[in-house]
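# Coordinates in review
Single-letter residue listing:
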Amino acid sequence: MNQLTEQQAMEKLGDRIWRLSHLYKIKTKDKKLVTLKPNLAQMHYLAEETDRDMILKARQLGFSTLKLVEQLDYTLFNRNTSSAVIAHLRDKVQVLFEIVRLAYENLPPALRPRAGFDNRNEIYFPDLNSKIYVATDTRGETVHNLHVSELAYVERAEEKMLGIL
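All values derive from a computational prediction rather than experimental measurement.

Conventions and cut-offs
- Residues numbered from 1 in each chain as written.
- Predicted model: local features only at pLDDT ≥ 70, side-chain atom pairs only at ≥ 80, totals over all residues.
- Heavy atoms only, no water.
- Phe/Tyr/Trp six-rings, centres within 6.5 Å; stacked < 30°, edge-to-face > 60°.
- Helix = DSSP H or I, 4+ residues; strand = E, 2+ residues; numbered from the N terminus.
- Buried < 20%, exposed > 50% of the residue type's maximum accessible area, 1.4 Å probe, protein only.
- Pairing = 2+ DSSP bridges.
- Salt bridge = Lys/Arg side-chain N within 4 Å of Asp/Glu carboxyl O.
- Contact = heavy atoms within 4.5 Å.
- Axes fitted to C-alpha atoms, helices over the stretch in contact; angles between N-to-C directions.
- Parallel < 35°, antiparallel > 145°, perpendicular 65-115°, else oblique.
- Left-handed = near helix turned anticlockwise from the far one by under 90°.
- Nonpolar A, V, L, I, M, F, W, Y, C, P; charged D, E, K, R; others polar.

## Focus: the packing of aromatic side chains
With the rule as written, the count across this model stands at 2 aromatic pairs. For the pair Tyr45 and Phe63, a centre-to-centre distance of 5.8 Å together with 90 degrees between the ring planes defines the contact as edge-to-face. One end of the pair, Tyr45, is in helix H3 (residues 40-48); the other, Phe63, is in helix H4 (residues 63-76), and 18 residues separate them in sequence. Assessed through its relative accessible area of 10%, Tyr45 is described here as buried.

What follows is the structure, given as structure tokens:
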């Protein structure tokens, strides 16, 4: 098997789309643990995304999973970062966070930073001074990277978004 040089490995790790499609594991509908391989719709999104995107999406294209893994990736590769995922319902917080936790726990050990604390909805990485969490709100906190899941179903969405942003 071809071994990468250190320079080649660093170049690959510097490519966000490469990281997203090679480093992170997800659980499939048929209960298999596989490496995330963005589908055509996801690859189109990744190639075109901006700092503020709103995805009007069809169901079952995997955008929620992609965005959760992308949030984790951003948190791990950008020091001093606070990443938040807003769930539309309290009982969805844990469901969404399990996708993040699974991706983190299955990273190659050499790339998995130490977690200072890891609870039901947040992981803090003290060596990076970064964290990622899932909640139903995030008022009063500086958030550098935000994903709002199912905004159409958030109660008082306009009011809540004004407070968050």
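## Digging into the pairing of strand S6 (residues 130-135)
The side chains of a regular strand alternate between both faces of the sheet. Burial runs high along S6: 6 of the 6 residues are buried. As paired elements, strand S3 (residues 82-86) and S6 share 5 bridges and run parallel to each other. Its bridge partner lying in S6, Ile86 is registered against Ala135. Between the end of strand S5 (residues 122-125) and the start of S6, which pair antiparallel, lie 4 residues, with Asn129 showing a positive phi angle near 55 degrees.

## A look at the pattern of salt bridges
Under the definition given, this model contains 7 salt bridges. Taking the shortest distance from any N to any O, the salt bridge between Arg16 and Glu70 comes out at 2.5 Å. Here Glu70 lies in helix H4 and Arg16 lies in helix H2 (residues 16-22), a separation of 54 residues in the sequence. Two residues, Asp30 and Lys32, come together in a salt bridge whose shortest N-O distance is 3.5 Å. Taken together, the shared-partner salt bridges in this structure form one network comprising Arg16, Lys67 and Glu70.

## What about the sheet that holds strand S7 (residues 145-148)?
In space, the 5 strands of this open sheet follow the order S4-S5-S6-S3-S7, with mixed pairing throughout. Of all strands in the sheet, those with a lone pairing partner are strand S4 (117-118) and S7, marking the two edges. Bridge count between S4 and S5: 2 bridges; the pairing is antiparallel. By the bridge assignment, Phe117 is partnered in S5 with Tyr124. Sitting on the sheet, H4 touches S3, S5, S6 and S7, and the angle it makes with S3 is about 165 degrees. Across the sheet, helix H5 (residues 90-105) touches S3, S4, S5 and S6, and the angle it forms with S6 is around 150 degrees.

## Quick word on the packing of H3 against H4
With their axes 10 Å apart at the nearest point, H3 and H4 run at an angle of 45 degrees to one another. If you check the angle between H3 and H4, you find them oblique. The two elements H3 and H4 meet at a crossing, and its hand is right-handed. From H3, Ala41, Gln42, Tyr45 and Leu46 reach across to H4, where they touch Phe63, Leu66, Lys67 and Glu70. For the contact of H3 with H4, a count of residues per class yields 5 nonpolar, 1 polar and 2 charged.

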